[in-house]
Amino acid sequence: LPMGPKLIWSVVIAAVPLGFTVAGYYAWRRACPLAVFATLGQRFKRQRKQKAGEWLAAHGLEVQMGLLVTALTWRHLAANATPWALAGLLVVVILTATAMGFLYTGKTWCNHLCPVGVVEKIYQEPMLLIAQEGNSQCATCTACKKNCPDIDLEQAYWKEVQTPARRRVYYAWPGLVLAFYCYFYLAEGNWIHYFSGAWSRDPLLATRMLAPGFFFLPAIPRLVAVPLTLLVFGLASFVLFATLERLLSRSVDEQDQAVWRHRCLSLAGFSGFILFYAFAGQPALSDLPAWVRQALSVAIVMVATALLLSRWKRQEATFVQEKFAKGLLKRWEWGDAPPSDRLSDLYLLHQERVQQRDTRLKAYKATIRDLLAEGVLNRGNLLVLQKLRAELGIADKDHDKLLSELSLEDKRLFDPDYQGSLEKELQLKQYRTELESLLLGGRKPEPGVVDSLRQVHRIRTEEHARILEDLRGEKGPLVARLQQAVQATMVLQRAILAADLVTAGKDGPSRGRRAFFQHVARWRQRRQLEHILQLLDAGLSEPRLQEFRRILAAPGSDGIRDVMQLLGAMADQGALGATLAPFALGSAIVDHPGPLLREAARDESRYLRASGLTLLALLEDEASDTALRQALLDPDPLVRETAQALLGVSHDLNQTLSDLAEDDEQWLLRAAVQSLPGSGNDRGADPSLTSRPANQPPRSDGMSLASWSLLETLILLHGVPLFAQLEPDDLEVLAKATKSRAFSANEHICRQGDRSDEVFLILKGHVRAWVLGGEGQPRSLGDSTEGACIGEMAVLDPAPRAATVTSLTEVTTLILDGRTFRDVLHDHPAVAEGVLRVMTQRLRSVIRGSQPEKTP
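These figures come from a predicted structure and were not determined experimentally.

Let us look at the overall build of the chain. Secondary structure assignment for the chain yields 40 helices and eight strands. Restricting the contact set of the chain to residue pairs at least 6 apart, pairs at least 24 apart contribute 75%.

This is the structure:
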């Protein structure tokens, strides 16, 4: 657009420094568009782990300033008005930021290369205009820069305030700002060209790089005049501020010299801010009313003055003392909070309340240790604590004694090459958290994952070993997780025994409930034991654990029992092994099954909670009845449906409870639950898990085909031998793909020659399979009863059905579509083996040549 360059340079770019100065360093670093492009490598997990070299780490500010001067030169030569040059500048900067984000770790672009980054520091270090909570550190710290400003801006400033690079960049900045805007005058011989905005409406600017660069020296082309102006003004500015620093600090001691260095840096930042806004944005502001321009000018001067005043009185000693005060507050031993957070008040109150000298020394020592570990303190600046020691009543000899103790306890704190810092502490903390999650999760880490994690966080071998030892210690999280898993496994074992007691002497449906509950409990046991083996693998490096996993994979309960016995034999192997002692003791005698089943009904598994309710319904006691009612409030619909069916809830109330369970106002649901009959004998006479309509009488066999509950379908499917070893979630997939159907006696279930893609599961009754012989005489292939699978050949082979199946009695079936059945065979070899076994038996029967029988 014709006004595009003017909007970019006189509005957007002019507003950025004021914006991030007021918003604050951390807020800007989280929102900076260039920072977003520089973190694409992290977001797509393609960022390399390479850190900036030592030279770039030492001269990063100068590199950033050099890139900024290059960009300013390009502005005067082309980008101020030429569209392609402006677009090219933006594209080059964005692509460079993106490339650096993929090639280097962390915020290397922001800290060492970004041209805007140096301006952010000049205008905001060390104090923010508005105090902020938190910072702008990376989610995963890789220690890409020592003294990272994104973690602690002020600490990074005080650690680098004496570096020559910072002094050269800060002192040259006001001259560079003035040079950039003065060149408009030096090129044209007047200010009209700049303040009118004509410089932004010259699309042919890039073609005049060799045109006269100065109105008073036309022989020098613009290509030379622009960088020459920036260089001369920047050098003059550096000389001016360096001379001012020398004059102010020539007759003071070394500590005061550091104070005056800081103040001259602050004055340079203030000067650059004022000079920038004396020119920036003026072409755009000229169209506004005079009072608006004056108000903005006053506001800018107030912001700059507030920054200068806050920095002028700030000293490193004040910063260290504030950090020390925060350390004391973390260890505040009194019941009430200090009435003031002022340093002097805090020290006075602490001195009045500390009753014993050892307590003061302990807090003092711990705080010094933390600050040394974070890199805030070192041997060179321990003198700043002299006044603090006096206020705390700690003598110099006590101070020296504590330092000696710390040097013996942790020599690295006083090692000149020690890399301790806030960044390092954060790096180790994050690595410990991720390593703990990796080792103590539900699955064993893939080979190389731990090494990859170490590389991401740049953790040394000895640091990894120290963290791993802490995780495996007697009071570490590994032992705690192991204890929880062992306890949960033993609870399940006792619940399995309790199920036998509850259903002893009961009828067939009760035995089906018990079998499914025990199947789910063993499935949960297997999961817990897998977790235990993974935890032991992280802690003991036991070679036999691979053999344990092979044994555990065996179907049924044999593998579970054998692994528990083998784990019990390891109970004498240190802190981790001691947690396995319950396995060595075996299962306790179960006298009262109710409490154990109620505990199992609170398990994380929805299947175990629901199947546990079916056994609690067989107990005629108030506690079990209460557990059933509480299950009506369960967040899982399977558990709620099971509880409703067991309590004999009518179809209408069933739907009402389901609707209420989805509502946030749970008091309505509780009221509805409390209104149900209170006695276990009032649950309804139907022993099945059906939620039939109230006006439909139960069948004589106790099953209502109209609306089986999901859990009942799971129990029935588990009773089919082919599917007995399937896990509950696989059974649920089958259950949702089935439909029920009843057949009368002498009714054909499927016919020879028909084409069909369905499998019939016989739940009740007897059927006979037969074929027509060569003379049209029927020949029996055998009878089948409950648990049989009929029609699987037609699903496996698209040919017509090879036999007719006829019911000999009333028959109840579940019909499973062929696609789902084939998926089960593909995913579960045990089911496929069962099908092959049935088909083999039928083939042998045909080979034997059964005698013809009369067709029913």
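Here the narrative resumes.
Here the focus is helix H37 (residues 728–736). Taken as a whole, H37 has its buried residues at Pro728, Leu731, Glu732, Leu734 and Ala735. Along the axis of H37, the buried positions cluster into a sector of 160 degrees, meaning they face one direction only. Exposed side of H37, more than 90 degrees from the buried face: Val733 and Lys736 are the residues found there.

Here the focus is the pairing of strand E7 (residues 804–807). Burial of the side chains of E7 extends over both faces: Thr804 and Thr806 are buried on one face and Val805 and Ser807 on the other. Here strand E2 (residues 748–750) runs beside E7; their pairing, made up of two bridges, is antiparallel. Counterpart to Cys750 in the pairing with E7 is Val805. Note: strand E4 (residues 767–772) against E7, four bridges, orientation antiparallel. Across the sheet, the residue bridging to Arg768 is Thr806, located in E7.

Another point: the nonpolar core. Trp109, Trp173 and Tyr181 are the most contacted members of the largest nonpolar core, which totals 86 residues. No other element matches helix H10 (residues 164–188), which puts 13 residues into this core. Counting 58 residues, the second-largest nonpolar core is a separate cluster that includes Ala601, Leu608, Leu632 and Val835.

Scanning the entire structure with this criterion turns up 24 salt bridges. Note that Arg629 and Asp625 form a salt bridge whose closest N and O atoms lie 2.8 Å from each other. Here Arg629 pairs with Asp625, and both are found in helix H32 (residues 622–631), just four residues apart, close to one helical turn. Judged by relative accessible area, Asp625 falls into the buried class, the value being 5%. The partner of Asp757 in a salt bridge is Arg822, and the shortest N-O contact between them spans 3.2 Å. Residue Asp757 is found in the loop between E2 and strand E3 (758–764), and its partner Arg822 is found in helix H39 (residues 818–827); the two are separated by 65 residues along the sequence. Taken together, the shared-partner salt bridges in this structure form one network comprising Arg29, Lys107, Glu120 and Asp150.

If you walk across this open sheet you meet the four strands as E1-E8-E3-E6, and the pairing is antiparallel. Of all strands in the sheet, those with a lone pairing partner are strand E1 (738–743) and strand E6 (789–790), marking the two edges. In terms of strand pairing, E3 meets E6 through two bridges, oriented antiparallel. For Leu761, the partnering residue across the bridge sits in E6 and is Cys789. Sitting on the sheet, H39 touches E3, E6 and strand E8 (811–817), and the angle it makes with E8 is about 75 degrees.

Right, let's get into unusual backbone geometry. A cis amide bond, omega -10 degrees, links Glu125 with the succeeding residue Pro126. Inspection of the secondary structure puts Pro126 in the loop between helix H8 (115–124) and helix H9 (153–160). Even without being glycine, Ala143 reaches a positive phi, approximately 55 degrees. Mapped onto the fold, Ala143 is located in the loop between H8 and H9. The exposure class of Ala143 is buried, given its relative accessible area of 15%.

Attention now moves to a nonpolar patch on the surface. A cluster of nonpolar residues, Met3, Leu7, Val11, Val12 and Ile13, forms a patch on the protein surface that exposes about 390 Å² of accessible area. The residue Val11 is located in helix H1 (residues 4–23) in this model.

For E8, the buried fraction is high: six of the seven residues fall into the buried class. Bridging between E1 and E8 involves six bridges; their strand directions are antiparallel. Paired with Phe743 across the two strands is Val811, which belongs to E8. Judged from the six bridges that link them, E3 and E8 form a sheet pairing that is antiparallel. Residue Phe760 lies in a different strand from E8, and its bridge partner there is Ile815.

Another aspect to go through is helix H27 (residues 558–568). When we look at burial in H27, the residues that qualify are Gly559, Ile560, Val563, Met564, Leu567 and Gly568. One face of H27 carries all of its buried residues, which in axial projection span an arc of 165 degrees.

The next point concerns the packing of H1 against H8. For the pair H1 and H8, the least separation of the axes is 10 Å and the interaxial angle reads 50 degrees. Compared by their axis directions, H1 and H8 come out oblique. Taken as a pair, H1 and H8 cross one another with a handedness that is right-handed. In this structure, H1 uses Pro17, Phe20 and Thr21 to contact H8, whose residues at the interface are Val116, Val119, Glu120, Tyr123 and Gln124. The residue inventory of the contact of H1 with H8, partitioned by class, reads five nonpolar, two polar and one charged.

Attention now moves to the side chain of Arg263. Residue placement: Arg263 occurs in helix H13 (residues 254–279). As a buried residue without a salt bridge, Arg263 has its nearest oppositely charged side chain in Asp256, at a separation of 7.8 Å. Of the polar contacts made by the side chain of Arg263, one reaches the backbone oxygen of Trp312; its length is 3.0 Å. Not counting the four nearest positions on each side in its chain, Arg263 is found in contact with Trp312 and Gln315.

Along the chain, Glu463 falls in helix H23 (residues 461–472). Judged by its relative accessible area of 3%, Glu463 falls in the buried class. With sequence-adjacent residues up to four places away left out, Glu463 is seen in contact with Lys424, Leu428 and Arg458.

A word on the packing of aromatic side chains. By the definition in use, this model includes 30 aromatic pairs. Here Arg263 stacks its cationic end above the ring of Trp260, 5.0 Å away from the centre of that ring. The ring of Tyr607 carries the charged tip of Arg606 above its face, separated from the ring centre by 5.1 Å.

Our focus in this paragraph is the confidence of the model for the chain. When pLDDT is averaged along the chain, the result is 80; 82% of the residues meet or exceed 70. A low-confidence stretch, residues 678–687 stays under pLDDT 50, and its non-local contacts, those more than four residues away or across chains, total 23 contacts. The low-confidence segment residues 690–706, where pLDDT is below 50, has 35 contacts with residues more than four positions distant or belonging to other chains.

Here we take up the sheet that holds strand E5 (residues 778–784). By definition, the strands of a sheet pair up through backbone hydrogen bonds, in either a parallel or an antiparallel sense. One open sheet holds the four strands; their spatial order is E2-E7-E4-E5, and the pairing between them is antiparallel. At either margin of the open sheet sits one strand with a lone partner, and together these are E2 and E5. The mean inter-strand angle of the sheet, taken between neighbouring strand axes irrespective of direction, is 30 degrees.

Looking now at the packing of helix H31 (residues 606–616) against helix H33 (residues 637–646). Axes are the key here: two packed helices are described by the angle between their axes and the distance separating the axes. Interhelical geometry of H31 versus H33 gives an angle of 5 degrees and a closest axis separation of 9 Å. Considering their axes alone, H31 and H33 lie roughly parallel with respect to each other. For the pair H31 and H33, the contacting residues are Arg606, Tyr607, Arg609, Ala610, Leu613 and Thr614 in the first and Leu638, Val639, Thr642, Ala643 and Leu646 in the second. Considering only residue class, the contact of H31 with H33 consists of seven nonpolar, two polar and two charged.

Thresholds, definitions, all that
- Residues numbered from 1 in each chain as written.
- Predicted model: local features only at pLDDT ≥ 70, side-chain atom pairs only at ≥ 80, totals over all residues.
- Heavy atoms only, no water.
- Helix = DSSP H or I, 4+ residues; strand = E, 2+ residues; numbered from the N terminus.
- Contact = heavy atoms within 4.5 Å.
- Buried < 20%, exposed > 50% of the residue type's maximum accessible area, 1.4 Å probe, protein only.
- Arc of directions from axis to C-beta.
- Pairing = 2+ DSSP bridges.
- Core = buried A, V, L, I, M, F, W, Y, C linked by side-chain atoms within 4.5 Å.
- Salt bridge = Lys/Arg side-chain N within 4 Å of Asp/Glu carboxyl O.
- Axes fitted to C-alpha atoms, helices over the stretch in contact; angles between N-to-C directions.
- Patch = residues over 30% accessible without salt bridge, like charges linked within 9 Å, V, L, I, M, F, W, Y side chains within 5 Å.
- Areas by Shrake-Rupley, 256 points an atom, 1.4 Å probe, with all protein chains shown as cover.
- Parallel < 35°, antiparallel > 145°, perpendicular 65-115°, else oblique.
- Left-handed = near helix turned anticlockwise from the far one by under 90°.
- Nonpolar A, V, L, I, M, F, W, Y, C, P; charged D, E, K, R; others polar.
- Lys, Arg positive; Asp, Glu negative; His and termini not counted.
- Polar contact = N/O pair within 3.5 Å; in protein donor to acceptor, adjacent residues only side chain to side chain.
- Phe/Tyr/Trp six-rings, centres within 6.5 Å; stacked < 30°, edge-to-face > 60°.
- Lys NZ or Arg CZ within 6 Å of the ring centre and 35° of its normal.
- pLDDT = per-residue confidence, 0-100.

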